[in-house]
Amino acid sequence: MAQLFIAVHYNLWVVGLSFLIASFASYVALDLAKRVRTPDRMLARGWWIGGSAAMGTGIWSMHFVGMQAAAFPFAVGFGYAVTGLSWVAAVAVSAVALFIASRARLTRFRLAVGALSMGAGICVMHYTGMAAMDMAPGIRWSAGWVAASIFIAVAASAVALMIFFGLRRLSGNAARWGQLAAALVMGTAICGMHYTGMAAAGFAEGSVCLSANELRGDSLGLLVSVATIVLLTLTMFTSAIDARMQGKAADLAASLQTANTELQQLAFRDALTGLPNRLLFDDRVTLAVERCARDGSGLAVMFVDLDGFKPVNDSFGHRFGDEVLREMARRVAAQARSTDTVARVGGDEFVLLLEGNPDTTATAQIAQRIIDAITMPVTGAEHEVRLSCSIGVAMYPSDGPREQLMAHADAAMYAAKRGGGTAYAFFEPHMNAGVREQIELQRDLRQAIERGELELHYQPKVSSGRNVITGVEALARWKHPVRGMLSPGVFIPIAERFGLINALGNWVIEEACHQVSRWRDQGLRIRVAINLSVHQLRQDDLVPRVEKALRTHHLDPALVIFEVTESVAMEDAAGTLATFERLGGIGVKLSIDDFGTGYSSLSYLRQLQVSQLKIDQSFVRDLETSADARAIVKAVVGLAHALNLSVVAEGVETEAQRDVLTALKCDELQGYLYAKPMTAALMGQWALDIDPPTDMKFANSTFVDL
């Protein structure tokens, strides 16, 4: 007699719930596939473990909710151990899926092995879950439906893996909609496998579930559905937070990269013209010379110096001067080829690197085109000016190694300028007079600070009529191991030409502040004057450096006064004004040096926060013989006092000069009449009245304020 089987009917609402759980679990799984690919290995491993548990629980939950969709005529229950084993199988399947999803590529081998492994795991999970129902008589299985469910499991796994990797190509809204559609497809495949497997099970009439008293089916279905939805929601929420944090981290990294790029641009570009600066130009020359050495080719370095720019800048102001420089930069760059490099290396100095093995004819043609372009009129809103230029050319390798190219091009440029300007000149050996010495000196100067060869000497300033020291001026000296003691007139121009002036100036500031602190510890309160170059005034970190030096040595800012020559101050009056305001803001004093030799704007002089004017020694030298010199000094003193400024006269060498300056009410005097620049140790001895010079009274431990 044939055995009769019960007909199983399904509650479509519960079937729909199982589909939603399967789709939700698939959506979360697709999201987790992105997380396990994070570069952080520890974080990726955490997502893999946690994601496997969440995804596996979702698939496992769908199975038991789907079981509740079937209307059995008997009470349904599940054994504890076998039910737990089915959960382990579901988590293992998820672990395999996420592991493969974390790989860089989906090869055919990975697809085949992954689909078979995942399909086998799904089948183990499903049929183990069914076996958790201890039925009497046992479940009868249809081989055809079992085979169909296995095929669906493997096929669904293969589709899931392809979807994991396929979604990587999408971004933005397309990725979100693609993930939703893919989750629905995967949910359908998972439900299809489950209900196909259910169709493979046959339950005889009168069957009894012996495990009904263990995990009751209705309670388990409700519990796992609620718990799974909560778990998947929390996992999705955590994944979203992680994605947001990774997005912010990526944005921050991109911002840092952009800022890095901008900083590099600032470090290697001239702020006014946008052209490469000296640093970038030197780097490109080095690389070009290396290529030439390999290829046996050559290059040319061209040095362009504008003729007549300074009077334009002085007469029409720095704004128009800046417009002129930008226009000249554009004109020079327009004559260069795409393979050439044009840089600005000084106020009105440009250099070109011509690559591609240029010969002298081609180089001369470019030089002449630059001269022609420069001499065209420059028309501004209110002014029209004409400039010219002098150009020097050095060829590689005929004109020396890389280290000498700039110096040789510079020497050739000066030769063109001495010939009247508006011309170019190629370097010739006879132009090398002094160039070799300069190159050797700049090489030695780079190491002089480290070797301790530089030192500061100090020349006293004396109060007019009272013969007391009011301060000292710091003057750099270089004790060269071969050439002996060198004055600033020898090495300062070299430092400026070869880009060493800022390092030298920074050392002077630090050393002078250190010496003032040592004198203070000896009981001497002496104010020091420090000279600033135009290059230092253009340093963005000048004021922070000064602040740091004052803070390091615990100095009263009033003990430091910076001297800037009149011509430097007026070269960029607005820039000087801004720097002076910042220096004055930290309490240091400021002085205009060599006053009367430049082109001062009285309006700017009134705005500059200076406390002192220093009369150039050329006027002091002629005081005894020239009425004009006395008139100029008298006018400067009167102007300074009207502006509440003190006046210092330098270069005082005779008693007659001293008497005239005292009669004109000049505040301070400085010169060989009183003392030559001396070492810090000797200056300290003199200030302490140890062996003072004749007719000289020093203020022991007292600084005389002006």
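Residues numbered from 1 in each chain as written. Predicted model: local features only at pLDDT ≥ 70, side-chain atom pairs only at ≥ 80, totals over all residues. Heavy atoms only, no water.

The chain carries the name Bifunctional diguanylate cyclase/phosphodiesterase in an unreviewed UniProt entry, which gives Rhodoferax koreensis as its organism. Word for word, the UniProt comment on the chain under Catalytic activity (unreviewed entry) is "3',3'-c-di-GMP + H2O = 5'-phosphoguanylyl(3'->5')guanosine + H(+)". (UniProt positions renumbered as here; feature names shortened; annotations may be inferred.)

Another aspect to go through is the overall build of the chain. Of the regular secondary structure elements, the chain holds 24 helices and 25 strands. Here the chain holds 706 residues, and the buried ones make up 49% of them. Counting only contacts in the chain whose residues sit at least 6 apart along the sequence, the fraction spanning at least 24 positions is 74%. When the accessible area of the chain is evaluated, it comes to approximately 33,400 Å², of which 57% is carbon and sulfur surface. (Helix = DSSP H or I, 4+ residues; strand = E, 2+ residues; numbered from the N terminus. Buried < 20%, exposed > 50% of the residue type's maximum accessible area, 1.4 Å probe, protein only. Contact = heavy atoms within 4.5 Å. Areas by Shrake-Rupley, 256 points an atom, 1.4 Å probe, with all protein chains shown as cover.)

A few words now on the nonpolar core. Ranked by internal contacts, the top residues of the largest apolar core, which has 78 residues, are Tyr458, Ile509, Val528, Val546, Phe562, Leu583 and Leu661. Here this core gets nine residues from one element, more than from any other, and that element is helix H15 (residues 501–521). If near-sequence neighbours (up to four positions away) are discounted, Val546 is found in contact with Ile509, Phe562, Leu583, Ile586 and Val588. Listed in part, the 30 residues of the second largest apolar core include Leu275, Met302, Met328 and Val385. (Core = buried A, V, L, I, M, F, W, Y, C linked by side-chain atoms within 4.5 Å.)

It is worth spelling out the pattern of salt bridges at this point. Scanning the model with the defined rule gives 20 salt bridges in all. In this structure, Asp282 and Arg278 form a salt bridge, with 3.2 Å as the shortest nitrogen-oxygen distance. Within this pair, Asp282 and its partner Arg278 are both found in helix H8 (residues 278–295), separated by four residues, close to a single helical turn. Assessed through its relative accessible area of 29%, Asp282 is described here as partly exposed. What makes Arg278 partly exposed here is its relative accessible area of 22%. Note that Lys614 is salt-bridged to Glu563, the shortest N-O span being 3.2 Å. (Salt bridge = Lys/Arg side-chain N within 4 Å of Asp/Glu carboxyl O.)

A few words on the pairing of strand E10 (residues 341–344). On a regular strand, one side chain projects to one face of the sheet and the next to the other, so that they alternate. Burial along E10 is two-sided: the face carrying Thr341 and Ala343 and the face carrying Val342 and Arg344 are both buried. Across four bridges, E10 lies against strand E11 (residues 349–354) in antiparallel orientation. If you follow Ala343 over to E11, its bridge partner there is Val351. (Pairing = 2+ DSSP bridges.)

What follows deals with the sheet that holds E11. Pairing between sheet strands relies on hydrogen bonds along the backbone, with the strands arranged either parallel or antiparallel. Pairing in this open sheet of five strands is mixed, and the strands run E10-E11-E9-E14-E15 from one edge to the other. Each edge of the open sheet carries a strand with a single partner, namely E10 and strand E15 (423–426). Looking at each pair of strands side by side, their axes are set apart by 20 degrees on average, direction ignored. The pairing of strand E14 (residues 388–396) with E15 spans four bridges and is parallel. (Axes fitted to C-alpha atoms, helices over the stretch in contact; angles between N-to-C directions.)

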